[in-house]
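# Chains, contacts and geometry: an overview
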Amino acid sequence: MSSAVVQPVGGAARRARPAPALSRALTYVCGGLLLAALLEVVLDASVGHTQLIPYTPDVAGWLRETGIGELLGYRVFLVALLVSTAAYGGLLALARREAISRRWAIGLVVALGVIACVGPVLLSTDVFSYIAYARMGVLHGVNPYLHGPDAIRGDPIFRYVGEDWHHTATAYGPLYTLLSYPVAWLGVLGALVAMKAVTLAASLGTLWLTWRCARTRRLDPVFAVLVVGANPLYVIYGLGGAHNDVITMLLMMAAVALTFAGRDAPAAASVVAGALVKATTAAMLPFMLLARRRWATVWGTVAALAVAAAVSYPVFGVHGLDVVAALNRDAALVSKDSFATEIAHLLGKNGVFPVDHDLLKAALVVIVAHLLWRTWRGYDWVAASGWTLLAISVTSTWLLAWYTLWSLPLSVVTRDRRLLVATLAVQALFVAHQLAPLFSPVPS
Amino acid sequence: MRGPSGDPAVSAGPSPRPAGSGEAGSPVRAGSIWARLPERLQPRERERCGRGDLRRVESTLLVLAFILLAVAVVNDVVRETHVNERLAADARTWRTLTHHLDYQNVSDEQDLKNFTTRDVLCGDTQPGPPDARPQVCLIMTGPILGDGRRAARGGFYEPPYRPDVAANRYACFGSAVREGLCRLPTPPGYPDAPIRGADG
């Protein structure tokens, strides 16, 4: 993949200019800060459980034995997050102005991904829920769409599952549940290692497709890969937590790449596959259908759904395809990081009420309707999909860091740069909202 | 259904052709089912290059939305900072008044219904796992004082492993008596002495 093949548009002159020594040095500093901050978090996290690090099978004992880290507290974590965010911002600013070495950029994002994945699980217990659902189905004969992990209280994975999710049946699609089934045979530790390996592989695939799509659209692939692969929320939360959102991003980017190659049926099937991992991916489909207006897209969708139904029905029954029910259940949840909660506090309310859920859904419907109309009239469907995914995360009352990642790879393969700016702005606000413990002690 | 070409480089941006020109305005092929629609309803391969009014309106709305979210975030960070400071003072007060300076597992219950600064902090009366011993709870109100503590106006006790409801509270003292928070008689052998400094 030579960057010389396609001259990037809108920055060709700048990209052709080699980086002066100062810019090159600053680039190395930013990359070094990103690596150092991540290493600090991973080494400290390997020491043991804290409010930030869940109880984890001993997957990173070799890191703990180095004796370098200390228990990860809020202050160190937030400083590392701030340093990463500042370095990321600096790196992107430099990448827009000067040519950054392709090898250096790829090396940086690969190193960040590997470091995030070799350490313990960061900031979330979700991966243990994934493993618990797999073990429920494979080892205990329990349908994960009907029961929560509390149905297997005696299983060794249960102690690692987040307390809030003990009674919660899986909200993930049947494709993901089926794909996760083989890890049940690997034991708890083996399953965790497998999940991390899959996340890393999905991340590398996502970055490769992002590169390809950016090149196809004559955008700067180095910049695109840095935006995604060096993003602190992507690395620390997404990869560090081994979230399946990375797999959905892979399938989303596969759909975009296939569409660019004119392969509409597989592209639609890829979107459906993404939706059968995590339902939000389905938001791309109407935009793809409207923009492409080809029967192949329809056939691809129908065929993928038919295959999914044929495979998942014998295993899960109708519950495996009842994605709407899972979405409705999750839509009722409220997290303290959601913008809806923050606006409610700003307006002097104690929190989000049912009427607020309705207002947010109405706002989302208006946004999506506007984007659908614009797509029909020629707006880039990839950008419209990105806007929709961003709008879903912003209007959701249950906002988590990795939800702000959905629109990120799409934003770097579209010419509407407002999407990238908006996605990064939302992420910056998310990071800012985490900072309260820096200004006051967290009560213990 | 006949769709647009798959050339992403071409279809990525607005059409360079002027708005209102015949070709740019009607990219639908003759014979296509979409050609029967009025021009303003027909699908397009590329957006027309208009005056940019729509884009300007969208961008303005995005900026306004960002300002609203940013103000909400800053407000929430300030609010959380104050809450954290208050809860840290509460924990300090509880440990000082109960003489359990090394206790870590002190639970706090905020008044999330009315958003007041009244907090109830509970912890074990003797060393043990969290909630495994009778609990002593203190009611904190008012601002943080000069010594980094808050005023404890009253309190009550609870047997271990019981939810915090009036039927499980006993031996109220201070403001808890006036609020009628206790309905359970003191169980035999359980501690029930009012906490000095928090007895109203």
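Placed above this text is the structure.
Residues numbered from 1 in each chain as written. Chains lettered and ligands numbered in written order. Predicted model: local features only at pLDDT ≥ 70, side-chain atom pairs only at ≥ 80, totals over all residues. Heavy atoms only, no water.

### Here's the deal with the packing of aromatic side chains
Given two aromatic rings, one states the distance between the centres and the angle between the planes to describe the pair. Residues and elements named next belong to chain A. Counting across every chain of the model gives 16 aromatic pairs over all chains. Look at Y130 and Y172: their rings are 5.1 Å apart centre to centre, the planes differ by 85 degrees, and that puts the pair in the edge-to-face class. Taken together, the residues Y130 in helix α6 (residues 126–139) and Y172 in the loop between α6 and α7 (174–180) connect sequence positions 42 residues apart. Exposure class is identical for Y130 and Y172. Each is buried. Aromatic ring contacts, followed pair by pair, group F77, Y237, W402 and F430 into a single cluster. When the ring centre of F223 is taken as reference, the NZ or CZ atom of R96 above it lies at 5.0 Å. The ring of W376 is capped by R293, whose NZ or CZ atom sits 5.9 Å from the centre of that ring. (Phe/Tyr/Trp six-rings, centres within 6.5 Å; stacked < 30°, edge-to-face > 60°. Helix = DSSP H or I, 4+ residues; strand = E, 2+ residues; numbered from the N terminus. Buried < 20%, exposed > 50% of the residue type's maximum accessible area, 1.4 Å probe, protein only. Lys NZ or Arg CZ within 6 Å of the ring centre and 35° of its normal.)

### Here's the deal with the nonpolar core
Note that soluble globular proteins tend to have their nonpolar side chains buried in a common cluster. Judged by nonpolar contacts, the single largest core of 150 residues is most densely connected at F77, V127, L226, Y237 and V256 of chain A. Leave out the neighbours within four places in its chain, and V127 of chain A touches V121, L192, M195, G241 and A242 of chain A. If you look at the next biggest cluster of nonpolar residues, it comprises 16 residues, including W94, V136, Y157 and I195 of chain B. (Core = buried A, V, L, I, M, F, W, Y, C linked by side-chain atoms within 4.5 Å. Contact = heavy atoms within 4.5 Å.)

### Quick notes on the sheet that holds strand β1 (residues 107–110) of chain B
Residue and element names in this part refer to chain B. Taken in spatial order, the five strands of this open sheet run β1-β2-β3-β4-β5, and their pairing is antiparallel. The two strands at the open ends of the sheet, each matched to only one other strand, are β1 and β5 (170–174). Averaged over all pairs of adjacent strands, the angle between strand axes in this sheet comes to 20 degrees, irrespective of strand direction. Contacting β1, β2 (119–124), β3 (135–141) and β4 (151–158), helix α3 (residues 53–98) runs over the sheet at an angle of about 45 degrees to β2. (Pairing = 2+ DSSP bridges. Axes fitted to C-alpha atoms, helices over the stretch in contact; angles between N-to-C directions.)

### Concerning a nonpolar patch on the surface
On the surface, a nonpolar cluster with roughly 630 Å² of combined accessible area is contributed by V57, L61, V63, L64, F66, I67 and V71 of chain B. Considering the arrangement of structural elements, one finds V63 of chain B in helix α3. (Patch = residues over 30% accessible without salt bridge, like charges linked within 9 Å, V, L, I, M, F, W, Y side chains within 5 Å. Areas by Shrake-Rupley, 256 points an atom, 1.4 Å probe, with all protein chains shown as cover. Salt bridge = Lys/Arg side-chain N within 4 Å of Asp/Glu carboxyl O.)

### Observations regarding the interface of chain B and chain A
Contacts between the two partners involve 50 residues from chain B and, on the opposite side, 44 residues from chain A. Summed over both sides, the interface between chain B and chain A buries roughly 4,300 Å², with carbon and sulfur atoms accounting for 58% of that surface. Counting every contact that joins chain B to chain A gives five salt bridges. Measuring nitrogen to oxygen at the nearest pair gives 2.6 Å for the salt bridge that ties E58 of chain B to R374 of chain A. Our count for the chain B to chain A interface comes out at 16 residue pairs in polar contact (both at pLDDT 80 or more). Put simply, the parts of the chain that give the side of chain B that touches chain A at least two residues each are α1 (8–11) and α3 of chain B. No other element matches the 24 residues that α3 of chain B contributes to the side of chain B that touches chain A. The residue makeup of the side of chain B that touches chain A, split by class, is 24 nonpolar, 11 polar and 15 charged. (Buried area = accessible area lost by both parts, 1.4 Å probe. Polar contact = N/O pair within 3.5 Å; in protein donor to acceptor, adjacent residues only side chain to side chain. Nonpolar A, V, L, I, M, F, W, Y, C, P; charged D, E, K, R; others polar.)

### Some words on the layout of surface pockets
Space inside the second largest pocket adds up to approximately 1,300 Å³. Along the wall of the second largest pocket there are 40 residues; nearest its centre are I367 and V394 of chain A together with L61, L62 and A65 of chain B. Counting residues per element, the lining of the second largest pocket draws most heavily on α3 of chain B, at 12 residues. Considered class by class, the residues forming the lining of the second largest pocket number 32 nonpolar, three polar and five charged. (1 Å grid on protein atoms, 1.4 Å probe; cavity = no way out; pocket = protein on both sides within 12 Å on 5 of 7 lines; lining within 4 Å. Points joined across faces, edges and corners; volume = space filled by probe spheres on them.)

### A look at the packing of helix α11 (residues 245–260) of chain A against helix α18 (residues 381–395) of chain A
All names here are of chain A. At a minimum axis separation of 11 Å, α11 and α18 run at an interaxial angle of 165 degrees. Taken together, α11 and α18 sit at an angle that is classed as roughly antiparallel. Here α11 and α18 pass one another in a crossing that is right-handed. Facing M252, V256, T259 and F260 of α11, the residues of α18 in contact are W381, V382 and L389. Among the residues making up the contact of α11 with α18, the classes are represented as six nonpolar, one polar and no charged. (Parallel < 35°, antiparallel > 145°, perpendicular 65-115°, else oblique. Left-handed = near helix turned anticlockwise from the far one by under 90°.)

### Points about the pattern of salt bridges
Two side chains bearing opposite charge may form a pair once their charged atoms approach each other closely. One pass over the structure, following the stated rule, counts 24 salt bridges over all chains. The shortest N-O distance in the salt bridge between D164 of chain B and R169 of chain B comes to 2.7 Å. Under the relative-accessibility criterion, R169 of chain B is labelled buried at 12%. Within the structure, one salt-bridge network assembled from shared partners comprises R374, D416 and R418 of chain A together with E47, R55 and E58 of chain B.

### Structural notes on the environment of G119 of chain A
All names here are of chain A. Checked against the element boundaries, G119 lands in the loop between α5 (102–118) and α6. G119 gets classed as buried once you look at its relative accessible area, which sits at 0%. Those residues in contact with G119 that sit more than four places away from it in its chain are V42, V59, A60, L63 and K196.

### Comments concerning the pairing of β3 of chain B
Residue and element names in this part refer to chain B. Counting buried residues in β3 gives six out of seven residues, a clear majority hidden from the surface. Of the strand pairs in this sheet, β2 and β3 are connected by six bridges, and their pairing is antiparallel. The partner of G123 across the bridge, within β3, is V136. Note that β3 and β4 share seven bridges and pair antiparallel.

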